Amino acid sequence: LEESDIFATLVLVYDSLNDTARRDFVSAMLNAKEVYSKPANGNLLTYALKNGKMDLAGQVIANADNLDVKFAMNEVLSKCPDGSSKGESIERLFATGEIKQEDKPLIENYLSTSHDAVSTKAVILASGLNCGIRINLDLIIDSVLKNAASEHVNRVLTAYCKEKLCDEDVVRILSFAF
């Protein structure tokens, strides 16, 4: 194990034991960008999100090469507080190329159940569309476009229209616009 992997493990162990003094001491020595263990990074991300340590969560996500990206996507979508850092984190995870069309239900579930701001949903949706994940157009319209500012509508529709559209999709988009 590398030094950062050991520190990450110690942070998690001390946290589970409620030993805040030792946890905080070891946390000061941890560089999450140098943790190479995927399980340790996943647990560290869960710990960071649970405890509101968004800087640490950002470091873990920046180390996406050593992270189970699908697990991280689920954690960020479900546990990260709404805000620009959530959208940026999801964009970083999409940029890895590990999120595929078969992960579409995760994104669709987020769009239909989340209470995040429409702007956050638009960023996440556009990122997914730009990576080739085809989201149901009715869901896009209902969960994002109906309440979005024009800049977000433009961003989402630009991403959606990069793929070949069928006549039915064109009609739905035009119906929404007018």
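On a predicted model such as this, the values are computed, not experimentally measured, just so you know.

S.K.: Can you walk me through the packing of aromatic side chains in this structure?
M.R.: Here the distance between the centres and the angle between the planes together describe a pair of aromatic rings. Scanning the model with the defined rule gives zero aromatic pairs in all. Of note, Arg-134 hangs over the ring of Tyr-160, and the distance from its end group to the ring centre comes to 4.1 Å.

S.K.: I would appreciate a short explanation of the side chain of Asp-169 in the present structure.
M.R.: With respect to the helices and strands, Asp-169 occurs in helix α11 (residues 167–177). For Asp-169, a relative accessible area of 10% corresponds to the buried category. Once residues within four sequence positions are removed from consideration, Asp-169 is found in contact with Arg-134, Leu-137 and Tyr-160.

S.K.: For this particular structure, what's the right way to read the pattern of salt bridges?
M.R.: Counted by the stated rule, this structure contains 14 salt bridges. Between Lys-79 and Glu-75 there is a salt bridge, with the nearest N and O atoms lying 3.1 Å from each other. Here the residue Lys-79 and the residue Glu-75 both occupy positions in helix α5 (residues 69–79), the gap between them amounting to four residues, near one helical turn. Assessed through its relative accessible area of 5%, Glu-75 is described here as buried. For Glu-91, the salt bridge identified is with Arg-155, shortest N-O distance 2.7 Å. Placement of Glu-91 in helix α6 (residues 84–95) and of Arg-155 in helix α10 (residues 150–160) is noted, with a sequence separation of 64 residues between them. For Glu-91, a relative accessible area of 28% gives the class partly exposed. Classification of Arg-155 as partly exposed rests on a relative accessible area of 35%. Through salt bridges that share partners, Asp-15, Arg-23, Asp-24 and Lys-50 make up one connected network.

S.K.: Explain the side chain of Asn-63 to me, please; I cannot follow it from the model alone.
M.R.: For Asn-63, the position within the fold is in the loop between α4 (54–62) and α5. Owing to a relative accessible area of 7%, Asn-63 belongs among the buried residues under this scheme. One polar contact links the side chain of Asn-63 to the main-chain carbonyl oxygen of Lys-33, over a distance of 3.5 Å. Dropping the residues within four chain positions of it, Asn-63 is found in contact with Ala-32, Lys-33, Glu-34, Val-35 and Asn-41.

S.K.: Looking at this structure, how should I read α6?
M.R.: Since one α-helical turn is 3.6 residues long, residues separated by three or four positions face the same way. Between its first and last C-alpha atoms α6 spans 17 Å; for twelve residues at 1.5 Å apiece the expected length is 16 Å, and the two agree. Along α6, the residues that are buried comprise Lys-86, Gly-87, Ser-89, Ile-90, Leu-93 and Phe-94. All buried residues of α6 lie within an arc of 160° about the axis, which places them on one face of the element. Relative to its buried face, α6 has exposed residues pointing more than 90 degrees away, namely Ser-84, Glu-88 and Ala-95. The inward-facing, buried residues of α6 contact α4, α5, α7 (104–113) and α8 (118–130). Phi turns positive, to about 80°, at Gly-97, one or two residues after α6.

Reading the values: the criteria
- Residues numbered from 1 in each chain as written.
- Predicted model: local features only at pLDDT ≥ 70, side-chain atom pairs only at ≥ 80, totals over all residues.
- Heavy atoms only, no water.
- Phe/Tyr/Trp six-rings, centres within 6.5 Å; stacked < 30°, edge-to-face > 60°.
- Lys NZ or Arg CZ within 6 Å of the ring centre and 35° of its normal.
- Helix = DSSP H or I, 4+ residues; strand = E, 2+ residues; numbered from the N terminus.
- Buried < 20%, exposed > 50% of the residue type's maximum accessible area, 1.4 Å probe, protein only.
- Contact = heavy atoms within 4.5 Å.
- Salt bridge = Lys/Arg side-chain N within 4 Å of Asp/Glu carboxyl O.
- Polar contact = N/O pair within 3.5 Å; in protein donor to acceptor, adjacent residues only side chain to side chain.
- Expected span 1.5 Å × (residues − 1).
- Arc of directions from axis to C-beta.

It is worth stressing that arrangement in space is one thing and function is another; only the former is reported here.
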